[in-house]
Amino acid sequence: ATPSLTGVSPRSVVLNWNAPTSSNYAGVYICRAAGTTAPTLPCGGVAVAGSPGLAGTYTDSYALAANTTYTYAVFSSDASGITSSGVTVQVLTNS
């Protein structure tokens, strides 16, 4: 699940991804860290359920600060709870 950004404001970030086509795909875990260092599992992030081959989206508006760099890591998971190594994306919120 490779994330992309479609919306950035001072207090929210919209992440989008294309889900793997594997029938074992269950969803993603999304982790966020302030700064440029990518977060790793386990994290205090969110689990977003998904369906194989379908696009996913998540809006993060929890305690974001304006004009701040955040790094998100998105880990796809299967029905057994096994996760991918994760992919990252950085964003600078608007001021």
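A brief look at the structure comes next. If you're wondering where the values come from, they're calculated on a predicted model, not measured in any experiment.

Inspection of every chain in the model, using the stated rule, returns one salt bridge. When the shortest N-O distance is used, the salt bridge between Asp 60 and Arg 32 registers 2.9 Å. Here Arg 32 lies in strand β3 (residues 25–34) and Asp 60 lies in strand β5 (residues 55–60), a separation of 28 residues in the sequence. Accessibility expressed as a relative area gives 5% for Asp 60, which makes it buried. Exposure remark for Arg 32: the relative accessible area of 30% places this residue in the partly exposed category.

Another point: the environment of Ala 63. With respect to the element layout, Ala 63 can be found in the loop between β5 and β6 (69–78). Setting aside its immediate chain neighbours within four residues, Ala 63 contacts Arg 32 and Tyr 70.

Each value, and the rule that gives it
- Residues numbered from 1 in each chain as written.
- Predicted model: local features only at pLDDT ≥ 70, side-chain atom pairs only at ≥ 80, totals over all residues.
- Heavy atoms only, no water.
- Salt bridge = Lys/Arg side-chain N within 4 Å of Asp/Glu carboxyl O.
- Helix = DSSP H or I, 4+ residues; strand = E, 2+ residues; numbered from the N terminus.
- Buried < 20%, exposed > 50% of the residue type's maximum accessible area, 1.4 Å probe, protein only.
- Contact = heavy atoms within 4.5 Å.

Shape is all these values report; function is a separate question.
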